[in-house]
Amino acid sequence: DTEVTQTPKHLVMGMTNKKSLKCEQHMGHRAMYWYKQKAKKPPELMFVYSYEKLSINESVPSRFSPECPNSSLLNLHLHALQPEDSALYLCASSHRLAGAKLSYEQYFGPGTRLTVT
Amino acid sequence: GNSVTQMEGPVTLSEEAFLTINCTYTATGYPSLFWYVQYPGEGLQLLLKATKADDKGSNKGFEATYRKETTSFHLEKGSVQVSDSAVYFCALSDRSGSRLTFGEGTQLTVNP
């Protein structure tokens, strides 16, 4: 099973709202990622959690706040977003230990389509 | 730093045509290489991978060979179908595995 799930699928929010995106995986992966993808562009890395600790923050504005409650869950809390934050937000996971071999491929969820009005 | 260069799209083919999407990379050390596919309205799906020189990744009729001497990982398929219409991303991962570097993506449209 290589499934990463994300909720909600679509989200429309005003600039004063607070909302959260959720991501879940049950593959035993110990690294989880948030990406932002604009139309016709590759995903841009936002955050990386490794063993439930934030290891990379790509200078993302503080209106985006990640959280990793446990090894299977990843949240992205949103507050006071701007219209230019409208995008597809993708979650991914990786680093499955298969015997002694570390796998580096990342598995992506279906994404949350966010519209900020 | 690491970088990935893909052939520019869009690419339009007729069903059963041969597909090549070129991908070259610049990286230090020995990266792992990937092809991801993104269907309209969906997330990225891992299509195939190669982790060392001369490895050939294959899946669903698609193939790509890790060529260290030419720093390339070209995607090929012998006979495309309408259902292959999607955006294809070439990507590399350094040995830490923490970062994927993506190419700009190639839009493929297959007409019946």
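This text gives an overview of the structure that appears in the document. Along each chain, residues carry numbers from 1 onward, in the same order as the chain's sequence is written. Starting at A for chains and at 1 for ligands, labels are handed out in the order in which the entities are written. In view of the model being predicted, local features appear only for residues whose pLDDT reaches at least 70, and side-chain atom pairs are presented and counted only at 80 or more, with totals across whole chains, interfaces and linings using the full set of residues. Computation of side-chain values covers all heavy atoms of the structure but excludes hydrogens and water.

1. So, the overall build of chain B
Inference 1: Helical segments are the DSSP runs of H or I of at least four residues, strand segments are the runs of E of at least two, and each set is numbered from the N terminus. What chain B contains, in helices and strands, is 0 helices and 12 strands.
Inference 2: Ordered by position from the N terminus, the helices and strands of chain B form the series β-β-β-β-β-β-β-β-β-β-β-β.
Inference 3: C-alpha atoms of chain B, sized along the principal axes, occupy 45 × 30 × 20 Å.
Inference 4: Burial status across chain B gives 45% buried among its 112 residues.
Inference 5: We count Lys and Arg on the positive side and Asp and Glu on the negative side, and we leave His and both chain ends out. Note on charges: their place is set at NZ of Lys, CZ of Arg, CG of Asp or CD of Glu. Of the charged side chains in chain B, 9 are positive and 12 negative; the average position of the first set lies 9 Å away from that of the second. Burial classes: relative accessible area under 20% of the type maximum marks a residue as buried, over 50% as exposed, and values in between as partly exposed (1.4 Å probe, protein chains only).

2. A short note on the state of the cysteines
Inference 1: A pair of sulfur atoms, both from cysteines and within 2.5 Å, is called a disulfide here. Enumeration according to the criterion identifies 2 disulfides over all chains in this entry.
Inference 2: In this structure Cys68(A) is a free cysteine whose sulfur lies 9.2 Å from that of Cys23(A), the closest cysteine sulfur available.

3. Details of the side chain of Glu105(A)
Inference 1: Relative to the assigned elements, Glu105(A) resides in the loop between β11 (101–103) and β12 (107–108).
Inference 2: Of the polar contacts made by the side chain of Glu105(A), one reaches the side chain of Tyr107(A); its length is 3.1 Å.
Inference 3: In protein, a polar contact means a hydrogen-donor-capable atom and an acceptor-capable atom, both N or O and within 3.5 Å, with residues adjacent in sequence counting only if both atoms are side-chain atoms; elsewhere, any N or O pair within 3.5 Å suffices. There is a polar contact of 3.0 Å between the side chain of Glu105(A) and the side chain of Lys49(B).

4. Thoughts on the interface of chain A and chain B
Inference 1: Each partner contributes to the interface: chain A provides 24 residues, whereas chain B provides 22 residues.
Inference 2: Any Lys or Arg side-chain nitrogen located within 4 Å of an Asp or Glu carboxyl oxygen qualifies as a salt bridge. Our enumeration of links across chain A and chain B arrives at 3 salt bridges.
Inference 3: As a salt-bridge pair, Glu104(B) and Lys41(A) come within 3.6 Å of each other at their nearest N and O atoms.
Inference 4: One can count 5 residue pairs in polar contact (both at pLDDT 80 or more) joining chain A with chain B.
Inference 5: Those elements that place two or more of their residues in the side of chain A that touches chain B are β4 (31–37), β5 (44–50), β9 (87–94) and β12 of chain A.
Inference 6: In terms of residue class, the side of chain A that touches chain B is built from 13 nonpolar, 6 polar and 5 charged. What makes two residues a contact is simply this: any of their non-hydrogen atoms within 4.5 Å. In the scheme used here, Gly and all other residues not listed as nonpolar or charged are polar, with Ala, Val, Leu, Ile, Met, Phe, Trp, Tyr, Cys and Pro taken as nonpolar and Asp, Glu, Lys and Arg as charged.

5. Considering unusual backbone geometry
Inference 1: Between Thr7(A) and Pro8(A) the backbone carries a cis peptide bond, its omega angle lying at -10°.
Inference 2: Residue position: Pro8(A) is located in the loop between β1 (4–7) and β2 (10–13).
Inference 3: We note that Lys60(B) has phi near 55°; this positive angle belongs to a residue other than glycine.
Inference 4: Relative to the assigned elements, Lys60(B) resides in the loop between β7 (56–59) and β8 (62–65).
Inference 5: Looking at Lys60(B), the relative accessible area reads 54%, which means it is exposed.

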